[in-house]
Amino acid sequence: MLRSLGQRPVSGGDEDLRVAELRAAVSRLRRQLAAHPAEFPDRGIAEDELAALAAMTIEGAPEIPRLRRSLLVIAGAIGSVSALSRGLSEVRDAVEGFGQPPRR
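Residues numbered from 1 in each chain as written. Predicted model: local features only at pLDDT ≥ 70, side-chain atom pairs only at ≥ 80, totals over all residues. Heavy atoms only, no water.

Enquirer: Could you give an account of the environment of Glu-96, naming the residues involved and the relevant values?
Expert: Tracing the backbone shows Glu-96 in helix H4 (residues 85-96). Residue class for Glu-96 comes out partly exposed when judged on its relative accessible area of 37%. Residues Glu-96 and Arg-18, 78 residues apart in the sequence, show an inter-C-alpha distance of 9.4 Å. (Helix = DSSP H or I, 4+ residues; strand = E, 2+ residues; numbered from the N terminus. Buried < 20%, exposed > 50% of the residue type's maximum accessible area, 1.4 Å probe, protein only.)

See below:
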(Lines give C-alpha, C1' and ligand atoms only; values in the text may rest on other atoms or scores of the structure.)
Protein backbone atom coordinates (compact mmCIF):
# COMPACT_ATOMS: atom_id res chain seq x y z
CA MET A 1 0.00 0.00 0.00
CA LEU A 2 1.40 3.38 -0.97
CA ARG A 3 1.26 6.25 1.46
CA SER A 4 2.47 9.80 1.59
CA LEU A 5 5.26 10.88 3.87
CA GLY A 6 3.98 11.31 7.41
CA GLN A 7 0.75 9.43 6.84
CA ARG A 8 -0.20 6.21 8.52
CA PRO A 9 -1.57 3.36 6.45
CA VAL A 10 -5.29 3.21 6.00
CA SER A 11 -7.50 0.20 6.31
CA GLY A 12 -10.79 -0.54 4.67
CA GLY A 13 -10.95 2.61 2.59
CA ASP A 14 -9.40 5.91 1.75
CA GLU A 15 -9.69 7.49 5.20
CA ASP A 16 -6.47 8.55 6.87
CA LEU A 17 -6.22 6.88 10.27
CA ARG A 18 -5.01 10.16 11.75
CA VAL A 19 -8.32 11.76 10.82
CA ALA A 20 -10.24 8.85 12.37
CA GLU A 21 -8.18 9.11 15.57
CA LEU A 22 -8.78 12.85 15.76
CA ARG A 23 -12.51 12.39 15.17
CA ALA A 24 -12.71 9.81 17.97
CA ALA A 25 -10.70 11.94 20.41
CA VAL A 26 -12.81 15.03 19.67
CA SER A 27 -16.00 13.03 20.10
CA ARG A 28 -14.86 11.69 23.48
CA LEU A 29 -13.89 15.14 24.74
CA ARG A 30 -17.19 16.60 23.54
CA ARG A 31 -19.07 13.92 25.50
CA GLN A 32 -16.93 14.52 28.59
CA LEU A 33 -17.51 18.25 28.36
CA ALA A 34 -21.26 17.79 27.92
CA ALA A 35 -21.37 15.53 30.99
CA HIS A 36 -19.23 17.85 33.12
CA PRO A 37 -21.60 19.41 35.67
CA ALA A 38 -19.76 22.63 36.42
CA GLU A 39 -20.11 25.74 34.36
CA PHE A 40 -16.98 27.74 33.66
CA PRO A 41 -16.46 30.99 31.77
CA ASP A 42 -15.02 29.59 28.54
CA ARG A 43 -17.16 26.47 28.23
CA GLY A 44 -19.01 27.84 25.18
CA ILE A 45 -15.72 28.62 23.48
CA ALA A 46 -14.52 25.05 24.04
CA GLU A 47 -17.80 23.62 22.76
CA ASP A 48 -17.69 25.78 19.62
CA GLU A 49 -14.08 24.93 18.86
CA LEU A 50 -14.66 21.21 19.40
CA ALA A 51 -17.59 21.44 16.97
CA ALA A 52 -15.28 23.12 14.45
CA LEU A 53 -12.70 20.35 14.90
CA ALA A 54 -15.39 17.71 14.42
CA ALA A 55 -16.47 19.42 11.19
CA MET A 56 -12.86 19.45 9.96
CA THR A 57 -12.65 15.68 10.35
CA ILE A 58 -15.74 15.20 8.20
CA GLU A 59 -14.47 17.40 5.38
CA GLY A 60 -11.37 15.29 4.79
CA ALA A 61 -7.75 16.17 5.49
CA PRO A 62 -7.79 19.10 7.92
CA GLU A 63 -5.39 22.04 7.64
CA ILE A 64 -2.61 21.52 10.16
CA PRO A 65 -2.26 25.19 11.18
CA ARG A 66 -6.01 25.31 11.82
CA LEU A 67 -5.82 22.12 13.90
CA ARG A 68 -3.07 23.61 16.04
CA ARG A 69 -4.97 26.87 16.50
CA SER A 70 -8.09 24.97 17.56
CA LEU A 71 -6.07 22.92 20.03
CA LEU A 72 -4.66 26.10 21.61
CA VAL A 73 -8.12 27.63 21.90
CA ILE A 74 -9.55 24.47 23.48
CA ALA A 75 -6.61 24.13 25.86
CA GLY A 76 -7.00 27.75 26.90
CA ALA A 77 -10.72 27.31 27.43
CA ILE A 78 -10.67 24.07 29.46
CA GLY A 79 -7.05 23.66 30.49
CA SER A 80 -7.75 24.37 34.15
CA VAL A 81 -10.60 21.83 34.41
CA SER A 82 -8.72 18.79 35.68
CA ALA A 83 -11.60 16.39 35.00
CA LEU A 84 -11.17 17.08 31.28
CA SER A 85 -7.38 16.84 31.16
CA ARG A 86 -7.26 13.26 29.87
CA GLY A 87 -9.65 14.02 27.02
CA LEU A 88 -7.70 17.15 26.17
CA SER A 89 -4.47 15.11 26.11
CA GLU A 90 -6.06 12.64 23.69
CA VAL A 91 -7.05 15.47 21.35
CA ARG A 92 -3.56 16.95 21.62
CA ASP A 93 -1.99 13.57 20.80
CA ALA A 94 -4.29 13.19 17.79
CA VAL A 95 -3.38 16.66 16.52
CA GLU A 96 0.33 15.91 17.00
CA GLY A 97 -0.17 12.84 14.82
CA PHE A 98 -0.38 15.22 11.86
CA GLY A 99 3.24 16.22 12.35
CA GLN A 100 5.31 18.83 14.03
CA PRO A 101 5.07 22.47 12.98
CA PRO A 102 7.90 23.67 10.76
CA ARG A 103 10.92 25.13 12.54
CA ARG A 104 11.47 28.86 12.18
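So, next bit.
Enquirer: Describe the nonpolar core, and please don't skip the residues or the numbers.
Expert: Within the largest apolar cluster, 24 residues are counted, with the highest numbers of intra-cluster contacts made by Ile-78 and Val-91. Elements represented by at least two residues in this core include exactly helix H1 (17-35), helix H2 (43-58), helix H3 (64-78) and H4. Of all the elements, H1 adds the most residues to this core, at six residues. Setting aside its immediate chain neighbours within four residues, Ile-78 contacts Leu-29, Leu-33, Phe-40, Ala-46, Leu-84 and Leu-88. (Core = buried A, V, L, I, M, F, W, Y, C linked by side-chain atoms within 4.5 Å. Contact = heavy atoms within 4.5 Å.)

Enquirer: Describe the packing of H1 against H4, with residues and values.
Expert: Put simply, H1 and H4 touch, their axes get as near as 9 Å, and they point 160° apart. By the criterion of interaxial angle, the relationship of H1 to H4 is roughly antiparallel. Seen from above, H1 lies across H4 with left-handed handedness. For the pair formed by H1 and H4, the contact residues are Glu-21, Leu-22, Ala-25, Val-26, Arg-28, Leu-29 and Gln-32 on the first element and Gly-87, Leu-88, Glu-90, Val-91, Ala-94 and Val-95 on the second. (Axes fitted to C-alpha atoms, helices over the stretch in contact; angles between N-to-C directions. Parallel < 35°, antiparallel > 145°, perpendicular 65-115°, else oblique. Left-handed = near helix turned anticlockwise from the far one by under 90°.)

Enquirer: So what's going on with the packing of H1 against H2? Residues and values would help.
Expert: When two helices pack together, their arrangement is given by the angle between the helix axes and by the axis-to-axis distance. Contact geometry of H1 with H2 gives a least axis separation of 9 Å together with a crossing angle of 155°. Between H1 and H2, the interaxial angle falls into the category roughly antiparallel. In terms of crossing hand, the pair formed by H1 and H2 is left-handed. Contacts between H1 and H2 involve Val-19, Leu-22, Arg-23, Val-26, Leu-29, Arg-30, Leu-33 and Ala-34 from the former and Arg-43, Ala-46, Glu-47, Leu-50, Ala-51, Leu-53, Ala-54 and Thr-57 from the latter. When grouped by side-chain class, the residues that make up the contact of H1 with H2 number eleven nonpolar, one polar and four charged. (Nonpolar A, V, L, I, M, F, W, Y, C, P; charged D, E, K, R; others polar.)

Enquirer: Let's hear about H3: which residues, and what values?
Expert: Along its 15 residues, H3 runs 21 Å from first to last C-alpha, staying within 8% of the 21 Å computed at 1.5 Å per residue. Those residues of H3 that fall on the buried side of the exposure criterion are Leu-67, Arg-68, Ser-70, Leu-71, Ile-74, Ala-77 and Ile-78. Against the buried residues of H3 lie H1, H2 and H4. (Expected span 1.5 Å × (residues − 1).)

Enquirer: Talk me through the pattern of salt bridges; I want residue IDs and the actual numbers.
Expert: For side chains bearing opposite charge, pairing can occur when the charged atoms are close. By the definition in use, this model includes nine salt bridges. When the shortest N-O distance is used, the salt bridge between Arg-18 and Asp-16 registers 2.5 Å. Given the relative accessible area of 12%, Asp-16 is considered buried. Within this structure, Arg-28, Arg-86 and Glu-90 form a network of salt bridges that share partners. (Salt bridge = Lys/Arg side-chain N within 4 Å of Asp/Glu carboxyl O.)

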